[in-house]
Amino acid sequence: MATPKFAEIKQFILTKVESGEWQQHSRVPSENQLAELFTCSRMTARRALTELTESGVLERSQGLGTFVAGLKSQSSMMAIRNIADEIKDRGHGYSVKQLALTQTQATAPIAIALGLEEGSEVFYSVLVHCEQGTPLQLEERFVNPQLVPDYLAQDFSLQTPHEYLSFVAPLTEARHTIEAVVADDIQRERLQITQSEPCLQILRRTWSRQGVVSFARLLHPGSRFRLGGHLTFNR
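Everything quoted here is computed from the prediction, not taken from an experiment. (Residues numbered from 1 in each chain as written. Predicted model: local features only at pLDDT ≥ 70, side-chain atom pairs only at ≥ 80, totals over all residues. Heavy atoms only, no water.)

Caption draft 1: Broad picture of the pattern of salt bridges. Across all of its chains, the model carries 11 salt bridges by this definition. A salt bridge links R42 to E31; the nearest nitrogen and oxygen atoms lie 2.8 Å apart. Taken together, the residues R42 in helix α3 (residues 42-54) and E31 in helix α2 (residues 31-37) connect sequence positions 11 residues apart. Residue E31 is classed as buried on the basis of its relative accessible area of 10%. Among the ionic contacts, a cluster of salt bridges with common partners joins E31, R42, R46 and R60. (Salt bridge = Lys/Arg side-chain N within 4 Å of Asp/Glu carboxyl O. Helix = DSSP H or I, 4+ residues; strand = E, 2+ residues; numbered from the N terminus. Buried < 20%, exposed > 50% of the residue type's maximum accessible area, 1.4 Å probe, protein only.)

Caption draft 2: Examining the packing of aromatic side chains more closely. By the definition in use, this model includes 7 aromatic pairs. The interplanar angle of 85° and the centroid separation of 5.7 Å between the aromatic rings of F12 and W22 together place this pair among those described as edge-to-face. Here W22 lies in the loop between α1 (5-19) and α2 and F12 lies in helix α1, a separation of 10 residues in the sequence. Here the aromatic rings of Y124 and F142 are separated by 4.8 Å at their centres, their planes lie at 35°, and the arrangement is tilted. One end of the pair, Y124, is in strand β5 (residues 121-131); the other, F142, is in strand β6 (residues 134-143), and 18 residues separate them in sequence. One aromatic cluster in this structure is built from F123, Y151, F156 and Y164. Directly above the aromatic system of F6 lies the positively charged group of R47, at a separation of 3.5 Å from the ring centroid. (Phe/Tyr/Trp six-rings, centres within 6.5 Å; stacked < 30°, edge-to-face > 60°. Lys NZ or Arg CZ within 6 Å of the ring centre and 35° of its normal.)

Caption draft 3: Inspection of the pairing of β6 at higher detail. In terms of burial, β6 is largely enclosed, as 9 of its 10 residues are buried. With 9 bridges joining them, β5 and β6 adopt antiparallel strand pairing. Paired with V126 across the bridge in β6 is E140. In this structure, β6 lies alongside strand β9 (residues 211-221), joined through 6 bridges in antiparallel fashion. Bridging across to β9, V143 finds its partner in S214. (Pairing = 2+ DSSP bridges.)

Written out as structure tokens, the structure is:
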């Protein structure tokens, strides 16, 4: 089965960016130029550019054109995506360091977040997600063992906790709190950042039909991460 033209264009651009031939902030070919190069419609070329822009690979400036985005990653506030997929969609290498996968007792804030009694046994994991070998996100997650009994048996070098939880306990609801914070000494060491580096923290609770599945604290170095979103309104 032939590869769709828009996918060919996306791969062409990703190869140029990944190889370093097109550096960050370099202008990429226009829709018309890509349409001519790949013998396709302008609409097809536009789809490729739009999808790469939404995934953070490219940036579009009205009246100026489309450019290779900076290395700072972008995540949407309006959707929960697997961080491994986000990184791979940018054509970059993803890796993860698993620092903890154990059982612990829920403190009052964790118990409240998960809808459990204080002191209840919960599952706990700590991972560092990396882009091109550089730490991008420190993930600290507490999981309700009643809903995900096999959590501690997983190998999160093969799939992320989000990917696993979405499979075994499909999400029906999520709530976020986003704020700027100062990382402590342990967090700075894990993210390989200096004391002066500001961080963006996302607190996320997720639900399935059976109840609260997990509570996660996601910490990102400010110089490596940004939030973005795109909304479409029906009229």
